[in-house]
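Working through the structure, step by step
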Amino acid sequence: MFKTFSYIVRRLLIMIPMMFAISIICFIVVKLEPGSYISQYMDNPRVSVETVIQLKKTLGLDKPAVVQYFMWLKEVLKGDFGYSFAYQIPVSKLIWDRTGWTLVVSLFSMLFTWVIAIPLGIYSALHQYEVGDYIATVLGYVGLSIPDFFFAVLLMYLMLQAGNTSIGGLFSQQFIGAPWSMAKFINMLQHIWLPTVVIGTSGIAGLMRVMRNNMLDVLNSPMIVSLRAAGLGEKSITWKHAVKNAINPMITIAGMSLPALFSGTIIVSIILNIPTMGPFFYNALLNHDEYLVMAFLLMLGLLLQIGNLIADILLAAVDPRIRYS
């Protein structure tokens, strides 16, 4: 128990310089983007040069990049991620408002992917080169090859053809802004399945192939051969030993996929009108809303580190051979 606690504390301390390095990279990436928020005013003949100069001074964009970075970092350490140029409100409030729905859609999609991919991968490995294995592989690759945006448009078209007129968003018109109730919750479930299926389908093939390959490696390992020679039942070998060992790399993948779930919903969320971070980030890039972009990138870096930490802890819990060191 003490080793676990010590390991977590060490990893948390390592995250501090890592986040500092990530913040520098985020700032450089944003500054490398051509133009700035002021560019739109400079190209506008109705805005005077004096107004543009005053605006740059007000936003702090007239200072050298290094000074801007340390000014931003100083405020971040206080919990203030800056001010959105485009929305005219604090960045932290903007992100907080969208994080909830991003988490909900991401977790639903992740659950959908894993519930289908893991059993399918196990089945394919146990029935290698049989008809079921080929069908699962083909279905997986079809899901992988269809672009998210095309799949979203295709499902929306099919829904319309089926007579459904409330497509897109997370609620029907009458429930938007209404207080939570059982009817509103059911209405959300009737809408959220669409982004869940669209986002989750693309990840099924990749996960299924990884699980299938892991299972085949374990099933052909000397450990399994020894268990069979000892007379252990095939069912026990499969579920108590093979699946348990094959699932370990999947935990690492789950940890690393946490930031991808946040950033991977941009196009689908725009098409389906889902209030997640994706469209928000896209608009911030178009508007050169640099504090908002930097805060979003910083959040993705933090999620990646948290995901890796959770994966390491789960790996040690699942496999006693892995020790904290």
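Quick caveat, the model's predicted, so the values are computed rather than measured. (Residues numbered from 1 in each chain as written. Predicted model: local features only at pLDDT ≥ 70, side-chain atom pairs only at ≥ 80, totals over all residues. Heavy atoms only, no water.)

**Considering the overall build of the chain**
Let me state the cut-off plainly: The numbering of helices and of strands both runs from the N terminus, where a helix is a DSSP run of H or I of at least 4 residues and a strand a run of E of at least 2. Should any heavy atoms of two residues lie within 4.5 Å, those residues are counted as being in contact. Where accessible areas are quoted, they stem from the Shrake-Rupley method and a 1.4 Å probe; at the residue level, only the protein chains shown are allowed to cover. In this tally, Asp and Glu contribute negative charge and Lys and Arg positive charge; neither His nor the terminal groups of the chain are included. Positions of charges follow a simple convention, taking NZ of Lys, CZ of Arg, CG of Asp or CD of Glu.
If you tally the helices and strands in the chain, you get 14 helices and zero strands. For the chain, the spread of C-alpha atoms along the three principal axes comes to 85 × 60 × 40 Å. Taking the intrachain contacts of the chain between residues at least 6 apart in sequence as the baseline, contacts between residues at least 24 apart amount to 73%. In the structure as shown, the chain presents an accessible area of about 18,200 Å², 70% of it carried by carbon and sulfur atoms. Side chains of the chain give 21 positive and 16 negative charges; the mean places of these two sets differ by 9 Å.

**Concerning the nonpolar core**
So the rule is basically this: The nonpolar core is taken to be a set of buried Ala, Val, Leu, Ile, Met, Phe, Trp, Tyr and Cys residues, with the residues joined through side-chain atoms within 4.5 Å. Relative accessibility thresholds used throughout: buried, under 20% of the residue-type maximum; exposed, over 50%; partly exposed, between the two (1.4 Å probe, protein chains only).
Counting 31 residues, the largest nonpolar core has Trp72, Ile95, Leu292 and Leu298 as its most contacted members. Considering every element that reaches this core, the biggest residue donor is helix α14 (residues 290–318), with nine residues. Ile122, Ala125, Ile204 and Ile224 belong to the second largest nonpolar core, which has 20 residues in total.

**Details of the side chain of Asn187**
Condition: Between N or O atoms, a polar contact is any pair within 3.5 Å; within protein, one atom must be a potential hydrogen donor and the other a potential acceptor, and residues adjacent in sequence are included only when both atoms are from side chains.
Mapped onto the elements, Asn187 comes out in helix α8 (residues 182–219). Residue Asn187 is classed as buried on the basis of its relative accessible area, which comes to 4%. Among the polar contacts listed, one links the side chain of Asn187 to the backbone nitrogen of Ser172, at a separation of 2.8 Å. The contacts of Asn187, once residues within four sequence positions are left out, are Leu170, Phe171, Ser172 and Phe175.

**Here we look at the packing of aromatic side chains**
To describe a pair of aromatic rings, one takes the distance between the centres and the angle between the planes. As a reminder of what qualifies: Here the aromatic set is Phe, Tyr and Trp, taking the six-membered ring for Trp, and pairing holds for ring centres within 6.5 Å; pairs whose planes are under 30 degrees apart are stacked, those over 60 apart are edge-to-face, and all others are tilted.
The tally for this structure, following the rule as stated, stands at six aromatic pairs. Summarising the aromatic geometry, the rings of Tyr69 and Phe70 are spaced 5.1 Å apart at their centres and angled 75 degrees between planes, so their arrangement reads as edge-to-face. Residue classification places Phe70 among the partly exposed residues on the basis of a relative accessible area of 48%. When the centroid spacing of 5.7 Å and the interplanar angle of 75 degrees are considered together, the rings of Phe171 and Trp180 count as edge-to-face.

**Side note on a nonpolar patch on the surface**
Stated precisely, the cut-off is as follows: Residues with no salt bridge and a relative accessible area higher than 30% make up the patches, which join like charges within 9 Å and nonpolar side chains (Val, Leu, Ile, Met, Phe, Trp, Tyr) within 5 Å. By convention in these notes, a salt bridge is any Lys or Arg side-chain nitrogen within 4 Å of a carboxyl oxygen on Asp or Glu.
On the surface, Phe149, Phe150, Leu154, Tyr157, Leu158, Ile267, Ile270, Tyr282 and Leu286 cluster together to form a nonpolar patch covering roughly 870 Å² of accessible area. Contributions of two or more residues to the nonpolar patch are made by α7 (148–161), α12 (266–272) and α13 (277–286). A total of five residues in the nonpolar patch trace back to one element, the largest contributor, which is α7. Residue position: Leu158 is located in helix α7. Assessed through its relative accessible area of 46%, Leu158 is described here as partly exposed.

**Here's the deal with the pattern of salt bridges**
Tallying each qualifying case throughout the model produces four salt bridges. Residue Glu75 is joined to Lys78 by a salt bridge in which the shortest nitrogen-to-oxygen separation is 3.8 Å. Classification of Glu75 as partly exposed rests on a relative accessible area of 28%. We note a salt bridge from Arg228 to Glu234, for which the minimum N-O separation is 2.8 Å. By relative accessible area, which is 42% here, Glu234 ends up partly exposed.

**Thoughts on α7**
Selection criterion: Helices are assigned an expected span. That span is 1.5 Å times one less than the residue count. Think of the arc as the fan of directions from the helix axis to the C-beta atoms.
Between the first and last C-alpha of α7 there are 20 Å, a value that for 14 residues agrees with the 20 Å anticipated at 1.5 Å per step. Residues of α7 that are buried include every one of Phe151, Ala152, Leu155, Met156 and Met159, and no others. Each buried residue of α7 sits inside an arc of 135 degrees when the element is viewed along its axis, so together they form one side. Residues Leu160 and Gln161 are exposed on α7 and point more than 90 degrees away from its buried face. Buried positions along α7 lie against α8 and α12.

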